[in-house]
Amino acid sequence: MKAMVLYDQGKTELREVPIPEIGNEDILLKVEACGICGSDLHVFYGNLAPQGPVPYIMGHEFVGTIAKTGSRVDSRWKIGDHVVSENTGGACGICPACSKGDFVNCANRICLGCGTDGGFAEYVKIPGQILKIYPNCLYHIPEKLSFEEATVLEPAANAYKAVIQEGNLHAGETVVVFGAGALGLMSVQMASIAGAANVILVGMTNDKVTRFPIASIYGATHCLVSNENPHLISDIMDIAGPNGVALVIDAAGVPLVTSQAITIVRNEGMIVRIGMSPKPFNDTLDTFATKSVTIRGHMGYNQESWRNTLSLASCGKLNLKSIITEVMPLENYEAGFEKMRNQTASKVILIP
């Protein structure tokens, strides 16, 4: 089969590799579509070291059709089923996080496409080990969704957890989202679905053409350009009014945004930090303390996130289509990554 293989830091190529062999407890998926994630960009361009021994096949936002099942696989999984992977490929099953079902936060978690073979390929194996301890590492796709739309369920579940579960958003509040990538845009949509009165997206100049229009479709009431606006903080405060900003979603991650988030969030407000940056935070945390602000680290999703995101998609309240700006064959993956990097695309889907 053909697969996009990471073979060294920042080095990939399309290779012919064997179709994975499965055992009695494994599932083999024929990959129908796989999205390029923002984190994939860091690995692809060499800004982030491989997350496991190379070579391995990248791609963790994948959906597929069950092509083969082992003899001891649960009968609810049948050949021909359309499924989306939660992309957990291994977990210990016994740590405190696993014990309460938060397998994404297992210290020994293995992510399909991030350190072990994933979905930028024609086939991918779902290991029986994870199916046994975490039966919901796969979900059936709602019938009304295309394969391309279903790849976006992963960032949507991510945003659901950040905004609803961790952000504890109440209807009528003001939410500010920094960062107009996929997680930022999905956070905008989740805040709108949850009833936020104001949803303020803060992006950059490059976001105005492609991403701000999507944000408007998803319910953003205001889109602000941080690098063009010397009055960004005061503008946000004016929009929020006397009740202030209840929740800030930091989907950018740079230290300046952390400082801005602490400044704009109201006393006893919540900041959920999705974005990442290796740069140090060279600023005081005194305001964080004096305002009794909560800063919550965020990683992934859990079964509640997926269950409710799937419900929103099934009933038509969650728009997974508008964010997809490019669908192209796997062979053109380099062009797809470049479109994501230069922000001429919001979400690129590759078809093996």
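Up top you'll find the structure we're talking about.
Small disclaimer: the values here were computed from a predicted structure and weren't measured.

Caption draft 1: Local environment of unusual backbone geometry. With an omega dihedral of 0°, the bond running from Val54 to Pro55 counts as a cis peptide bond. Mapped onto the fold, Pro55 is located in the loop between helix H1 (38–44) and strand E4 (56–57). Non-glycine residue Asn168 carries a positive phi angle of around 50°. On the secondary structure map, Asn168 appears in the loop between helix H5 (153–166) and strand E12 (174–178).

Caption draft 2: Examining the pairing of strand E19 (residues 348–351) more closely. Judged from the 2 bridges that link them, strand E3 (residues 27–35) and E19 form a sheet pairing that is antiparallel. Bridge pairing in E19 places Cys34 opposite Leu350. As defined by bridge partners, strand E18 (residues 326–329) adjoins E19 across 4 bridges and the pair is classed as parallel. Within the sheet, the bridge partner assigned to Pro329 lies in E19 and is Ile351. Read as a crossover between parallel neighbours, the route from E18 over helix H12 (residues 333–341) to E19 is right-handed.

Caption draft 3: Focus on the side chain of Glu149. With respect to the helices and strands, the residue Glu149 is situated in helix H4 (residues 147–150). Buried and unpaired, Glu149 has no salt bridge, with Lys321 as the nearest side chain of opposite charge at 5.9 Å. If we skip the residues at most four places from it in the chain, Glu149 touches Lys144, Leu320, Lys321 and Ile324.

Caption draft 4: Looking closely at the environment of Leu201. Positionally, Leu201 belongs in strand E13 (residues 198–203). Looking at Leu201, the relative accessible area reads 0%, which means it is buried. Not counting chain neighbours up to four residues away, the residues in contact with Leu201 comprise Val177, Gly179, Ala180, Leu185, Val188, Phe212, Ala215, His222, Cys223 and Leu224.

Caption draft 5: Region of interest: the sheet that holds strand E14 (residues 222–225). Across the sheet, which stays open at both edges, the 6 strands sit in the order E14-E13-E12-E15-E16-E17 with parallel pairing between neighbours. In this open sheet, the two strands that pair with only one neighbour each are E14 and strand E17 (294–297). Ignoring strand direction, the axes of neighbouring strands in this sheet form an average angle of 20°. Pairing analysis gives 4 bridges linking strand E16 (residues 265–273) to E17, with the strands arranged parallel. Opposite Arg273, over in E17, you have Gly297 as the bridge partner.

Caption draft 6: How the structure looks around H12. Here H12 has its buried residues at Tyr333, Gly336, Phe337 and Met340. Buried residues in H12, looked at end-on, bunch into an arc of 95°, giving them a common side. Residues of H12 that are buried make contact with strand E1 (2–8), strand E2 (11–16), H1, helix H7 (207–217), E18 and E19.

Caption draft 7: Main features of the layout of surface pockets. The calculated volume of the second largest pocket comes to roughly 230 Å³. Of all the elements in the fold, those that place two or more residues in the lining of the second largest pocket are strand E8 (110–112) and strand E10 (123–126). Looking at the lining of the second largest pocket element by element, the count peaks at 3 residues for E10. Tallied by class, residues from the lining of the second largest pocket come to 11 nonpolar, 2 polar and 2 charged.

Caption draft 8: Layout of the pairing of strand E15 (residues 245–250). Among the 6 residues that make up E15, 6 are buried, leaving the element largely enclosed by the rest of the structure. Pairing of E12 with E15, which is carried by 4 bridges, proceeds in the parallel orientation. From the neighbouring strand, Phe178 faces E15, where its bridge partner is Asp250. As paired elements, E15 and E16 share 5 bridges and run parallel to each other. The partner of Val248 across the bridge, within E16, is Ile271.

Caption draft 9: Local environment of the environment of His82. Along the chain, the position of His82 falls in strand E6 (residues 82–85). Taking the relative accessible area as the measure of exposure, His82 reaches 39% and is therefore partly exposed. With 53 residues separating them in the primary sequence, His82 and Leu29 have C-alpha atoms 9.2 Å apart. His82 has contacts with Gly64, Thr65, Tyr139, His140, Ile141 and Phe147, leaving out every residue within four places of it along the chain.

Caption draft 10: Representation of the pattern of salt bridges in the model. The final tally for this structure, using the stated rule, is 15 salt bridges. With its nearest N and O atoms 4.0 Å apart, the salt bridge here joins Lys100 to Asp102. What makes Lys100 exposed here is its relative accessible area of 63%. The class for Asp102 is buried, based on a relative accessible area of 15%. Residues participating in the shared-partner salt-bridge network are Glu25, Arg72 and Lys132.

Reading the values: the criteria
Residues numbered from 1 in each chain as written. Predicted model: local features only at pLDDT ≥ 70, side-chain atom pairs only at ≥ 80, totals over all residues. Heavy atoms only, no water. Helix = DSSP H or I, 4+ residues; strand = E, 2+ residues; numbered from the N terminus. Pairing = 2+ DSSP bridges. Right-handed = clockwise from strand over helix to strand, strands pointing away. Buried < 20%, exposed > 50% of the residue type's maximum accessible area, 1.4 Å probe, protein only. Lys, Arg positive; Asp, Glu negative; His and termini not counted. Salt bridge = Lys/Arg side-chain N within 4 Å of Asp/Glu carboxyl O. Contact = heavy atoms within 4.5 Å. Axes fitted to C-alpha atoms, helices over the stretch in contact; angles between N-to-C directions. Arc of directions from axis to C-beta. 1 Å grid on protein atoms, 1.4 Å probe; cavity = no way out; pocket = protein on both sides within 12 Å on 5 of 7 lines; lining within 4 Å. Points joined across faces, edges and corners; volume = space filled by probe spheres on them. Nonpolar A, V, L, I, M, F, W, Y, C, P; charged D, E, K, R; others polar.

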